[in-house]
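# Coordinates in review
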Amino acid sequence: KKLDRMPINTTSNTDVFSTIDGTKQALAKVYGAFALTGSSGSGSSDLGGIDAGTSDFLRLYWNAQELPTDEALCAWGDPGIPDLNEISWTSGNLLLNGLYNRCIYQITVANSFIRETENVPASFSDEDKENLTHFRAEARFVRAYQYWVLMDLFGNPPFTDENSKIGKIAPPQIKRADLFTYIESELKAIEPDLVAPKQNEYGRADQAADWALLARLYLNAAVYTGTDHYTDAITYSEKVINSGYSLDTHYNDLFLADNNVNNPETILSINYDGNETQNYGGTTFLVNACIDGSTGDGPDAYGVPAGGWGGIRARSPLPKLFGDDYTASKDKRAALMLGTEYDITNTTTFAEGVKVIKFRNTNSDGSLPANASTFVSTDFPLFRLAEQYLIYAEAVLRGGTGGDKATAISYINKLRERAYGNTSGNVANITLPFILDERARELYYEGFRRTDLIRFGEFTGSAYIWPWKGGIKDGTSVADKYNLFPIPASDVAANPDNLTQNPGYGN
Amino acid sequence: NNQINIILIRDSSSNLGDVVVIGYGSVDKKDVTGAIATISTKDFQKGSITSFDQMIAGKAPGISITSNGGHPGSGSTIRIRGLSSLSAGQDPLQVVDGAPFSGYVNPNDIESVTILKDAASAAIYGSRASGGVILITTKKGRLGQTKVNFNNQFSLSQVKDYVDVLTADQFRDFVNSSSFFNEEAKSLMGTANTNWQKEIYRTAVTSNNNISLSGGIGKIPYRLSVGYLNQAGILKTDNMGRTTGSLSLTPTLWQNHLKITLNLNGSVTRNRNANQGAIGAAIAFDPTQSVYDGTDHTFGNYYEWVRADGTPNPLAAFNPVSMLSQRTDISHYNRGFGNINVDYSLHFLPDLHVSANLGFDVGNSTGTTKEQPTSRNTYNLQSSTVYKGLNNQYSSDFNNYFAEYMLNYKKDITSIKSNINAILLYGYYDDRSVTDNYASYDYFNREIPNSQPKYPDSLKQNTLISYVGRLIYTYDNKYTLTASLRRDGSSKFAPDTRWGWFPSVALGWNLKKEGWFGDASALSSLKLRGSYGITGNQSGIDNYRFIPTYYLSDNVSNYQFGDNFYSMYTPSSYDESLKWEKTASANIGLDFGFFDQRIFGSVDVYNKHTTDLLAVVNIPAGTNFTNQLLTNIGSMTSKGAELNLGFVPVRSNDVEWTVNLNAAYNNSKITKLLANADSSFKGQPVGGIEGATGQTIQIQNMQQEPNAFLVYKQVYDANGKPIEGAYEDLNGDGQINPYDDQYSYKSPWPKWVLGFSTNLRYKKWNFSTTLRANIGNYMYNNIASNQGIAYNMSVNQYLANAVTDVLYTRFINKQQQSDYYVQNASFLKMDNIGITYNVGQVLKYKNTDLSLSAHVQNVLCITKYDGLDPEIYGGIDQNIYPNPRVYTIGLNLNF
């Protein structure tokens, strides 16, 4: 028995889950796995095989969703980045490997939370029990969200749930269409256990988040399963729209350091804090990577006096959505861009290309958060009301029933009235191509673009060519296999009996 | 005769010619059955020797010693007979006078170093012996007149060579002539000509002073020694001061029935640790900028890269000279270890000994790292306007102890020509370490917000319990059988897996004694040995890895719900089934001697097979709280042969010439690395490289050498120059894909390790040299692959230097996976050359003996490798602290 040495500074699962406070701190990790790379500071990571600072969810997700599109181009030569810029990735891409493992890590943490909370401790009060019900539903929501990401990006990931044992047993692969069914059933099953819209604590999922993800899922259903669900998309986006959220009067306030305060529009966010929640990904990455020392009024002006990494800027189609000279546009959404050097002749020269300074580490009154240096306090919206308006309108145009075009136009005009400050930008009619453009004007740099282009059939092939698509300055067609990312070669190697690579990719 | 050698042998406690130290005892040399190398005082490398590993480098086959760099006190990586593991620790177990402690022993106190190479010899140490065992025996006192030895050395260390980077003029020419650089880059160039490497290195002085006294206090033999080493590093501001003391008392009581051996060793070390980041910064910093910036004092007068708006550029390298001069990192390290061995031979049964061996090893280290408020290094740790500089503390201590109780029965039974030597032993070993955690402070001692640690300290403890038995049976001085069995239990594993058996058996056959060769034969000795044994390995495995636990996130890793921040309970990854790594090894050896041992030596062949191999591998995603886990997953083999040859070509009163040659061949191969063998398995990437986040250059895969380089096959143009971005499409599918088009190319491990030593005495002069060679080892030149390109030279408003390889390749972008950077790193090194003059008696004082010496270390290195040093453990050349050339003069006085 002298050989039974137990660690200090750690706690057993029994202790953690014996109180509602401990359980809530475990729930904080289920959510925190979104925001942080690890639990021991910005240099720590839950994952191996990737630089800690690059291993968070948002940075990797953003790179995968934006760099291969007409919205953004990164100047860095770090492994994995040029491949994303040029749509030439392989199954060895480090960033895709990191993203895949990050999503699955968060699922594993959520699985264990759900498993550990199956039996309610006898000491729990009725209030504790009610909270526990919400916690469990939220953990299932987070898991469903990450499965949606995996389904959207990688198609056919390995599948685990709360019944999967921690150890070395290799999980089976799930087909994209089956995963769609699973996510749908989970989101519907947890609906009654989630807190009513706007009634939960900031940063935690409520029923509106559940509906918002269902609406997004249904809008893209044809891509995932071959069967469309536009009527369902209308149903669920309408539920969100009618649940009490409203547009933030100032568009740019949505992306500032104090966007956690008095924000009527964001439904669920990933929360960051320059002092309490530090990492080198997330909005810290989005603010710093989009500026360097010579951008605008310098890093101080954007709340990162010690930052400015000079990496990401727009490809020319993005500013041109606001007119040939976006600086003349009355659309205030264009005012978050800077510079007129549209063309990028050398992908590695940050000075070329219009800068996008959408996310900033300043408060809405212009002040800086305490101790502003490199780390950013701005929260990232995973779901906000504007997207639901756009989903509603698109689903109506695509033939969903239960909604009508007049309402759709009125929703679009709500976005445009906020953008213009008046009705001068309002539209009388909408078409699908207009919706794709309007989504880019409203949601650019928020991680939607790759999914949107795929839904519109414009991501691969030659239907739409943009600068540096396929690695050529004027752009070129790319193969259809790129509509799905490859399963990382390292996981195909580690789990060879179960995993089959996506079509067109070598291991 | 050689007077120095005689004195040293007289100081010895055992006659080295006849007795060999083995685990838990010693045996007559003729009874040795395993593969054991003993290196004693007269064979040690000489010169400025600061640790024991330097003394034995090149001296025996199968022992590979690779310097960890030139930082004072940084030591070496020792490997015995190649590799036995992939991810677990492979350092040999160090045992000092019977105490299994890794503490520092002053080389001047060491009498002999014995290396147990085969599993049969090492298996007596069970689960800690897979990397081999090194037994260090210290000098002991003898009753009689007090003897004093005074030994003083003075050394100068110099940089041998610099990394080839562009000079300021080359840099300007390159930037001005290459179309890659834009006008901004050209405008950023300065007018200075700075050799940054010259700015950070210096000629460093080392002095090493030792005094020892030995003799008897009454009837108690004693030896007391004190040493003081002051070693400056060649990197400016690097310095170590170490005082060591050792005491041994070896009384014998009750008519030799009770023998007590007390050994105490202590050291007090003060280090000023230079910021070794300056080594890489000096290679990368723009040579056209000057060290100092006369106009701006933001960074303490040092030039640093700032951006257009005047703020420091967060991506640029820092001024290397400032990195050294603006940091003061001083640490104090105290360590004491020792043991007492009480051996009682029973009065009524003197052949039976009962003994207890109790030992302790305690140490603590404390230190402070300070950075000036003007230091660029810490300028943006926190808001530039509030917190400046750094003043951080660190401390840790450890407390290890052990107790061993042994019964030993030794009996000569002449009636049946038999000798029996049997032991039974129980051992208990406990290791405990505590690291204190502190908040961070700026230079003005203001606490940096949210830096308070979540836990005030972290404690780690592990315990090992052992039962050991061994029988050595010798018949007729011709046949010797050694059999041992050890059972170890470790707290690092779950109850179901924590106990392991480690058996061994060995046979020795003294062929010379068979009388087949007659008496007149030139053959003076001949012995055949064969052995088989199993050792284990648990080092490198963290404590508590099998227990599912949760830990709280620290103060900068909280998550916000509502208006509150919550410390997150985080599940740790774990492996319930983690267990011992086991190495089974067979050895066959032949010892021989001719012409009255004027020619002598041994040949050994061995086969090691490791199962339950521990490796950090990608686990299937979704199975644990991480994607890479240390687990028992594979197996590997090492096969090899060793030859050791000694000659004494000349032996007369005035001249003695001795030569030692040794050669070792080793080939290691991974035989399994997957729970279920699968042909589609591509291997486990390892060997992280600089310049690419998370990128690796090596692969562990089945039927290959460990750490083989996994690279693309570079395509060259008609002139033999590599073409940027052009690789061979190995599978012919028209694309260049990882794995599919990469191939395993060579490995960092030498096929052959050779050693050569010679000693020539002519009257009072003594000349010696040691050479070593490694053949078949390859190196990935990470400095060239990372800094031999144009892309890094001009990014985001700063410039950086490149290595001169860029002038040849003209690469714009990194080609880090190219086999162009994997280079043959075979080498021949002259480690040491020296001369000693034995003055003998000083003036009229009869009992004095003085000798003077001069040595040079790191004399020369012949290699095709392009980088600074072809000998870097692991085969990836990053910014190493160069090993200096050292010139030493010494004085040794006995009286």
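What counts, and where the lines are drawn
- Residues numbered from 1 in each chain as written.
- Chains lettered and ligands numbered in written order.
- Predicted model: local features only at pLDDT ≥ 70, side-chain atom pairs only at ≥ 80, totals over all residues.
- Helix = DSSP H or I, 4+ residues; strand = E, 2+ residues; numbered from the N terminus.
- Rg over C-alpha atoms; globule rule 2.2 N^0.38 Å.
- Buried ≥ 20, exposed ≤ 12 C-beta atoms within 10 Å, placed from the backbone.
- Contact = placed C-beta atoms within 7 Å.
- Pairing = 2+ DSSP bridges.
- Domains from an automatic or database assignment.
- Nonpolar A, V, L, I, M, F, W, Y, C, P; charged D, E, K, R; others polar.
- Axes fitted to C-alpha atoms, helices over the stretch in contact; angles between N-to-C directions.
- Parallel < 35°, antiparallel > 145°, perpendicular 65-115°, else oblique.
- Left-handed = near helix turned anticlockwise from the far one by under 90°.
- Core = buried A, V, L, I, M, F, W, Y, C linked by C-beta atoms within 7 Å.
- Expected span 1.5 Å × (residues − 1).

### A word on the overall build of chain A
In terms of helices and strands, chain A carries 17 helices and six strands. Taking 2.2 N^0.38 as the reference for a compact globule, 507 residues should give roughly 23 Å; the C-alpha atoms of chain A span a radius of gyration of 22 Å, in line with that estimate. Principal axes of the C-alpha set define a box for chain A whose edges measure 75 × 50 × 45 Å. Taking all 507 residues of chain A together, the buried fraction comes to 59%. Within chain A, contacts between residues separated by at least 24 positions form 65% of all contacts whose residues are at least 6 apart in sequence.

### Quick notes on the overall build of chain B
If you tally the helices and strands in chain B, you get 10 helices and 46 strands. Taking 895 residues into account, the globule formula puts the C-alpha radius of gyration at 29 Å, and chain B, at 30 Å, falls close to it. Projected onto its principal axes, the C-alpha coordinates of chain B cover approximately 95 × 70 × 65 Å. Residue burial in chain B is summarised as follows: out of 895 residues, 49% are buried.

### Thoughts on the pairing of strand 19 (residues 457-475) of chain B
Bridge analysis of strand 18 (residues 418-436) of chain B against strand 19 of chain B gives 19 bridges, and the strand direction is antiparallel. Residue pairing across strands places serine 418 of chain B opposite tyrosine 475 of chain B, the latter belonging to strand 19 of chain B.

### Notes on the environment of glutamate 514 of chain B
In this fold, glutamate 514 of chain B is placed in the loop between strand 21 (499-510) and strand 22 (523-537). Along the primary structure glutamate 514 of chain B and threonine 480 of chain B are separated by 34 residues, whereas in three dimensions their C-alpha atoms are 14 Å apart.

### Focus: the interface of chain A and chain B
Each partner contributes to the interface: chain A provides 93 residues, whereas chain B provides 81 residues. Counting only elements with at least two residues in the side of chain A that touches chain B, the list comes to helix 1 (13-16), helix 2 (20-35), helix 5 (94-116) and helix 17 (489-494) of chain A.

### Notes on the domain arrangement of chain A
One frequent convention defines the size of an interface as the accessible area lost when the parts assemble. All names here are of chain A. According to the domain assignment, chain A contains domain 1 (14-193 + 478-507) and domain 2 (282-356). One C-alpha centre belongs to domain 1, the other to domain 2; they are set 30 Å apart. With 14 residues of domain 1 in contact, the opposing surface of domain 2 contributes 17 residues. For the side of domain 1 that touches domain 2, the secondary structure elements donating two or more residues are helix 3 (57-66) and strand 1 (72-74). By residue class, the composition of the side of domain 1 that touches domain 2 is eight nonpolar, two polar and four charged.

### A look at the packing of helix 2 of chain A against helix 6 (residues 126-153) of chain A
Residues and elements named next belong to chain A. Between helix 2 and helix 6, the least distance of the axes is 10 Å, while the angle of their chain directions is 15°. It follows that helix 2 is roughly parallel to helix 6 by the angle criterion. With respect to the hand of their crossing, helix 2 and helix 6 are arranged in left-handed fashion. Residues Ile20, Thr23, Lys24, Leu27, Val30 and Tyr31 of helix 2 touch helix 6, and the partners they reach there are Asp128, Asn131, Leu132, Phe135, Glu138, Ala139 and Val142. Within the contact of helix 2 with helix 6, the residues separate by chemical class into eight nonpolar, two polar and three charged.

### Side note on the sheet that holds strand 7 (residues 110-116) of chain B
Residues and elements named next belong to chain B. In spatial order, the strands read 3-7-8-6; together these four strands make up an open sheet with mixed pairing. Only two strands of the sheet have a single neighbouring strand rather than two, namely strand 3 (36-40) and strand 6 (93-96). The sheet shows a mean angle of 15° between the axes of neighbouring strands, taken without regard to direction. With four bridges connecting them, strand 6 and strand 8 (residues 133-138) associate as parallel partners. When the bridges of strand 8 are listed, leucine 93 appears paired with valine 133.

### Here's the deal with the packing of helix 2 of chain A against helix 5 of chain A
Residues and elements named next belong to chain A. Where helix 2 contacts helix 5, the axes come no closer than 9 Å and their chain directions differ by 165°. Taken together, helix 2 and helix 5 sit at an angle that is classed as roughly antiparallel. Considering how the two elements wind past one another, helix 2 and helix 5 form a crossing that is left-handed. The residues of helix 5 that touch helix 2, namely those facing Ala26, Leu27, Lys29, Val30, Ala33 and Phe34, are Tyr105, Gln106, Val109, Ala110 and Phe113.

### Considering the nonpolar core
In this structure, Ala215, Tyr389 and Tyr392 of chain A are the most contacted members of the largest nonpolar core, which totals 177 residues. Per-element tally for this core: the top contributor is helix 6 of chain A, with 13 residues. Counting the residues that make up this core, at least three belong to each of domain 1 (14-193 + 478-507) and domain 2 (282-356) of chain A. Leaving out residues up to four positions away in the same chain, tyrosine 389 of chain A has contacts with Ile241, Tyr411, Ile412, Lys414 and Leu415 of chain A. Counting 71 residues, the second largest nonpolar core, distinct from the first, contains Ile234, Leu710, Tyr798 and Tyr881 of chain B.

### Some details on helix 10 (residues 230-241) of chain A
All names here are of chain A. A rise of 1.5 Å per residue sets the reference length of helix 10, with its 12 residues, at 16 Å; its end C-alpha atoms lie 16 Å apart and thus fit the reference within 8%. Among the 12 residues of helix 10, nine are classified as buried, and the element is accordingly described as predominantly covered. Residues of helix 10 that are buried: Tyr230, Ala233, Ile234, Thr235, Tyr236, Ser237, Glu238, Val240 and Ile241. In this structure, the buried residues of helix 10 make contact with helix 8 (207-219), strand 2 (266-270) and helix 13 (385-397).

### Considerations on the pairing of strand 32 (residues 696-700) of chain B
Residues and elements named next belong to chain B. Within strand 32, four of the five residues are buried, leaving the element largely enclosed by the surrounding structure. Sheet topology places strand 31 (residues 684-688) next to strand 32; four bridges connect them, and they run antiparallel. Each bridged residue has a counterpart across the sheet, and for valine 686 the counterpart in strand 32 is glutamine 698. As defined by bridge partners, strand 32 adjoins strand 33 (residues 708-712) across two bridges and the pair is classed as antiparallel.

### What about the sheet that holds strand 36 (residues 742-745) of chain B?
Residues and elements named next belong to chain B. Read from one edge to the other, the open sheet built from four strands follows the order 31-32-33-36, with strand pairing classed as antiparallel. Taken across any chain shown, the strands that pair with only one partner, and hence form the sheet edges, are strand 31 and strand 36. On average, each strand axis in the sheet is inclined to that of its neighbour by 45°, with strand direction left out of account. Pairing of strand 33 with strand 36, which is carried by four bridges, proceeds in the antiparallel orientation. Counterpart to tyrosine 712 in the pairing with strand 36 is glutamine 742.

### What about the domain arrangement of chain B?
Residue and element names in this part refer to chain B. Here chain B is partitioned into domain 1 (3-141) and domain 2 (252-271 + 332-490). Taken over C-alpha atoms, the centre of domain 1 sits 17 Å from the centre of domain 2. Opposite the 21 residues of domain 1 that make contact, domain 2 presents 28 residues. A class-by-class count of the residues in the side of domain 1 that touches domain 2 yields 10 nonpolar, eight polar and three charged.

### Quick look at the environment of glycine 131 of chain B
Residues and elements named next belong to chain B. Secondary-structure assignment places glycine 131 in the loop between helix 3 (119-122) and strand 8. Spatially, the C-alpha atoms of glycine 131 and arginine 81 are 8.4 Å apart, while their sequence positions differ by 50 residues. Apart from residues no more than four positions distant in its own chain, glycine 131 is found in contact with Ile80, Ser84, Gln90, Asp91, Pro92 and Leu93.

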